[in-house]
2 protein chains.
Amino acid sequence: MFNKKIAIIGVGFMGGSLAGALKKKYPELRISGFARSQKSLKLLSKLAIVDEVSLDIKSVVLDSDIVVLALPVERIVEYLKVIKPYLKPGALVFDIGSTKAEIEKKAKLILPGTNCFVPCHPLVGSEKSGPRFSNPDLYKGALCVITASKSKKATIEIKALWESLGCRVIFMDSDRHDEIFCALSHFPHLLSFALTEFVPKEYAQYAPRSIRDLTRISNSPPSVWAEIFLANKKNLKNNINEFKRIIALFEKNINNSDREGLIRLLEQINKKQNQIQTNNFTSAK
Amino acid sequence: MFNKKIAIIGVGFMGGSLAGALKKKYPELRISGFARSQKSLKLLSKLAIVDEVSLDIKSVVLDSDIVVLALPVERIVEYLKVIKPYLKPGALVFDIGSTKAEIEKKAKLILPGTNCFVPCHPLVGSEKSGPRFSNPDLYKGALCVITASKSKKATIEIKALWESLGCRVIFMDSDRHDEIFCALSHFPHLLSFALTEFVPKEYAQYAPRSIRDLTRISNSPPSVWAEIFLANKKNLKNNINEFKRIIALFEKNINNSDREGLIRLLEQINKKQNQIQTNNFTSAK
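Residues numbered from 1 in each chain as written. Chains lettered and ligands numbered in written order. Predicted model: local features only at pLDDT ≥ 70, side-chain atom pairs only at ≥ 80, totals over all residues.

1. Digging into the overall build of chain A
Thought 1: The helix and strand tally for chain A stands at eleven helices and eight strands.
Thought 2: Its C-alpha radius of gyration of 21 Å places chain A within 12% of the 19 Å reference for a compact globule of 285 residues.
Thought 3: Dimensions of chain A, computed from the C-alpha atoms along their principal axes, are close to 70 × 45 × 30 Å.
Thought 4: Here chain A, with 285 residues, has 53% of them falling under the buried criterion.
Thought 5: In chain A, the share of contacts with a sequence separation of at least 24, taken over all contacts with a separation of at least 6, comes to 73%. (Helix = DSSP H or I, 4+ residues; strand = E, 2+ residues; numbered from the N terminus. Rg over C-alpha atoms; globule rule 2.2 N^0.38 Å. Buried ≥ 20, exposed ≤ 12 C-beta atoms within 10 Å, placed from the backbone. Contact = placed C-beta atoms within 7 Å.)

Have a look at this one:
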């Protein structure tokens, strides 16, 4: 990685943390950050997470060996078009968005030929946002999903990069990725947002720890999550319908005052809870 | 509290923690525990959380100045009838159940006259159960709701007892209590149980932190929660319907691909999330 230049488009919580992690592991690396506004330029200059920061995307991308799109999902495709003319031959591009199928499909149309796009999803999101909260150790021990053919040279290189930062990399088809992480992350976020909306304002002062934990992630950034919900619409709608079916199971038992039926259901849930808690990966989110 | 005897009927996680907290604060106190089975008798003798333990409820209750019913909600009324003949005149009785209206109403019919019943709900529940997990510091800093007239002598005494263990005591009408804590605890538990049931088994291995946090409390004891759900049926049904209304709001925005509408909704939720996180009380659950 010596003498390489990496461009980070979107130096927020995740992009900033990636910059910090790369710098910690590879001090000789030149990391160039793109700022979308004067305000963000000032903040990034002050925080000094990247080696250089600019409002001019051309100068950021030019000569870069790797370009990282650390943007909300809707912006990734948009910026892929913007950076395309400035990419040097052989430069690798990857994103770190939470949905993959749509991005992968569109990226193939935008970047055929000499530049490889490797769709990545490191599972390290947080309800925090912005570069102020960035953490160079964020990626340590995290699961990173790559939705590209594992035999391609570009994929092998990006996989090695994630692993060198402490990630455990797995490969998955992008449709399957979106289905799994809709159920494990996107829909649960929707539930948490909905629970916060549900709580009557005047009750908030009595909130015990359980509901504080359940609503923690409902402080996640609105624009990021609005875009994830829309990008993964189909799976999300399936998840909502499946969840309604489960709520109806509870309703049936409760309406019938079926104590034994409820206990059986909860016992079965206790067992499954164990499987969810003892997964193989530790990841920040 | 010197020379007093306190009986604890149900020395599980909460009852055991209360015994430990009382003993720590008042070493001279004599704490007598009732065990419902040989197995539990053996365990409690080994753990030595209480001074004496017996399968004979009569000997446990006799001469007690205070009798604590630390039982699942459906058992509280049942055991109130069992202990009634052995209560000494003037002995105080309180429970620590999660629902209050039904218990309060029935207790009034069972214990008229010389023995006062003070319905209490310290907000310290946990997904843990059993005396092995009991913790003498569990009640420190916790909110404790008492649903009885605050001017009665018995209430004043029990309030002082909770406060001496580090609780913050508030008074509330039992119907209002059940409504508030259905929304803040009972319904959120149902949601967490339902979310665990919803997760496809083969996805569990990829579960990120967000869903692990959201499903933590779905390991709570089935019999305890089946009874809470049934005891607070009316409020729970209202909550389920209200939650469906909120899910429909999300569905509408998602179906219409209304990015701006979603962002407005999530922004409003971000604000409310803050109110829930910064409540006035710290409580274990």
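2. Let's talk about the pairing of strand S1 (residues 5-9) of chain B
One face of the sheet, then the other: side chains in a regular strand alternate in exactly this way.
Residues and elements named next belong to chain B.
Thought 1: When you tally the buried positions in S1, you get five out of five residues, the bulk of the element.
Thought 2: Both S1 and strand S2 (residues 30-34) contribute to a ladder of five bridges, which runs parallel. Bridged to Ala7 within S2 is Ser32.
Thought 3: Taking the sense of rotation as the criterion, the β-α-β connection linking S1, helix H1 (residues 13-25) and S2 turns out right-handed.
Thought 4: Note: S1 against strand S4 (residues 66-69), four bridges, orientation parallel. In the sheet register, Ile9 faces S4, and the bridge partner there is Leu69. (Pairing = 2+ DSSP bridges. Right-handed = clockwise from strand over helix to strand, strands pointing away.)

3. Focus: the packing of helix H10 (residues 233-255) of chain A against helix H10 (residues 233-255) of chain B
Thought 1: Here H10 of chain A crosses H10 of chain B at 170°, and the two axes come no closer than 12 Å. Taken as axis vectors, H10 of chain A and H10 of chain B run roughly antiparallel relative to one another. Judged by residue contacts, Lys233, Leu236, Lys237, Ile240, Ile247, Glu251 and Ile254 of chain A of H10 of chain A engage Lys233, Leu236, Lys237, Ile240, Ile247, Glu251 and Ile254 of chain B from H10 of chain B.
Thought 2: Residue classes in the contact of H10 of chain A with H10 of chain B are distributed as eight nonpolar, no polar and six charged. (Axes fitted to C-alpha atoms, helices over the stretch in contact; angles between N-to-C directions. Parallel < 35°, antiparallel > 145°, perpendicular 65-115°, else oblique. Nonpolar A, V, L, I, M, F, W, Y, C, P; charged D, E, K, R; others polar.)

4. Concerning the sheet that holds strand S5 (residues 92-95) of chain B
Residue and element names in this part refer to chain B.
Thought 1: Spatially, the eight strands line up as an open sheet ordered S3-S2-S1-S4-S5-S6-S7-S8, and their pairing is mixed. Whereas interior strands pair on both sides, the edge strands pair on one side only; in this sheet they are strand S3 (52-54) and strand S8 (168-171). Across the sheet, the mean angle separating the axes of adjacent strands is 25° when strand polarity is ignored.
Thought 2: Pairing geometry for S4 and S5, over four bridges, is parallel. Counted as the bridge partner of Val67 is Val93 from S5.

5. Here we look at the nonpolar core
Thought 1: Counting 178 residues, the largest nonpolar core has Ile8, Ile9 and Val68 of chain A together with Ile8, Ile9 and Val68 of chain B as the members making the most contacts within it.
Thought 2: Setting aside residues no more than four positions away along its own chain, Ile8 of chain A makes contact with Gly15, Leu18, Ala19, Ile31, Gly33, Val50, Val68 and Ala70 of chain A. (Core = buried A, V, L, I, M, F, W, Y, C linked by C-beta atoms within 7 Å.)

6. A closer look at the environment of Phe229 of chain B
Thought 1: Tracing the backbone through its elements, the reader meets Phe229 of chain B in helix H9 (residues 222-231).
Thought 2: When the C-alpha atoms of Phe229 of chain B and His189 of chain B are compared, they prove to be 9.4 Å apart, with 40 residues separating the residues in sequence.
Thought 3: Those residues in contact with Phe229 of chain B that sit more than four places away from it in its chain are Ile254 and Leu262 of chain A together with His186, Leu190 and Leu236 of chain B.

7. Considering the confidence of the model for chain A
Thought 1: Residue-level pLDDT values for chain A average 93, and 96% of them are 70 or greater.
Thought 2: Prediction confidence for the complex, expressed as pTM and ipTM, is 0.89 and 0.89 respectively. (pLDDT = per-residue confidence, 0-100.)

8. Describing the relation of the copies chain B and chain A
Thought 1: Between chain B and chain A, which share one sequence, the superposing operator has a rotation angle of 180° and an axial displacement of 0.0 Å; the RMSD is 0.0 Å. When the rotation and shift are considered jointly, the pair of chain copies conforms to a two-fold rotation axis. Relative to the rotation axis, the C-alpha of Leu214 of chain B is the closest in chain B, positioned 2.6 Å from it.
Thought 2: Same-surface contact between copies: 100% of interface residues of chain B are shared with the interface of chain A. (Least-squares fit on C-alpha atoms with pLDDT ≥ 70 in both.)

9. Some words on the environment of Asp56 of chain A
Thought 1: Within the fold, Asp56 of chain A resides in the loop between strand S3 (52-54) and helix H3 (57-61).
Thought 2: For Asp56 of chain A and Val11 of chain A, which are 45 residues apart along the polypeptide, the C-alpha to C-alpha distance reads 14 Å.

10. Description of the domain arrangement of chain A
Residues and elements named next belong to chain A.
Thought 1: Annotation of chain A at the domain level lists domain 1 (5-173) and domain 2 (176-277).
Thought 2: Centre-to-centre, using C-alpha coordinates, domain 1 lies 31 Å away from domain 2.
Thought 3: On the side of domain 2, 15 residues touch domain 1, which itself brings 15 residues to the contact.
Thought 4: Mapped by element, the contributors of at least two residues to the side of domain 1 that touches domain 2 are helix H4 (73-83) and helix H5 (101-110).
Thought 5: A per-class count over the side of domain 1 that touches domain 2 returns five nonpolar, five polar and five charged. (Domains from an automatic or database assignment.)

11. Regarding the sheet that holds strand S7 (residues 143-146) of chain A
Residue and element names in this part refer to chain A.
Thought 1: In spatial order, the strands read S3-S2-S1-S4-S5-S6-S7-S8; together these eight strands make up an open sheet with mixed pairing. Of all strands in the sheet, those bounded by a partner on one side alone are S3 and strand S8 (168-171). In this sheet, adjacent strand axes meet at a mean angle of 25° when their direction is disregarded.
Thought 2: Sheet strands touched by helix H6 (residues 153-164): strand S5 (92-95), strand S6 (116-122), S7 and S8. Its angle to S6, the strand with the most contacts, is close to 30°.

12. Quick word on unusual backbone geometry
All names here are of chain A.
Thought 1: Of note, the phi angle at Asp63 is positive, near 70°, even though the residue is not glycine.
Thought 2: With respect to the element layout, Asp63 can be found in the loop between H3 and strand S4 (66-69).
Thought 3: Residue class for Asp63 comes out partly exposed when judged on the 14 C-beta atoms lying within 10 Å of it.

13. Some remarks on the interface of chain B and chain A
For an interface, size is often stated in terms of accessible area lost upon the parts coming together.
Thought 1: Listed by partner, the interface residues are 73 residues for chain B and 73 residues for chain A.
Thought 2: Every element with two or more residues in the side of chain B that touches chain A is listed here: helix H7 (174-198), helix H8 (209-214), H9, H10 and helix H11 (259-277) of chain B.
Thought 3: For the side of chain B that touches chain A, the leading source of residues is H7 of chain B, giving 15 residues.
Thought 4: Among the residues making up the side of chain B that touches chain A, the classes are represented as 41 nonpolar, 18 polar and 14 charged.

14. Quick word on the environment of Leu266 of chain A
Thought 1: Residue position: Leu266 of chain A is located in helix H11 (residues 259-277).
Thought 2: When neighbours within four sequence positions are excluded, Leu266 of chain A is seen to be in contact with Phe193, Pro222, Trp225 and Ala226 of chain B.

15. Some words on the pairing of S5 of chain B
Residues and elements named next belong to chain B.
Thought 1: Residues Leu92 and Phe94 of S5 are buried on one face, and the alternating residues Val93 and Asp95, pointing to the opposite face, are buried as well.
Thought 2: After leaving S4, the chain enters helix H4 (residues 73-83) and then returns to the sheet as S5, a path that is right-handed.
Thought 3: As paired elements, S5 and strand S6 (residues 116-122) share four bridges and run parallel to each other. The residue bridging Asp95 from the neighbouring strand is Pro119, located in S6.

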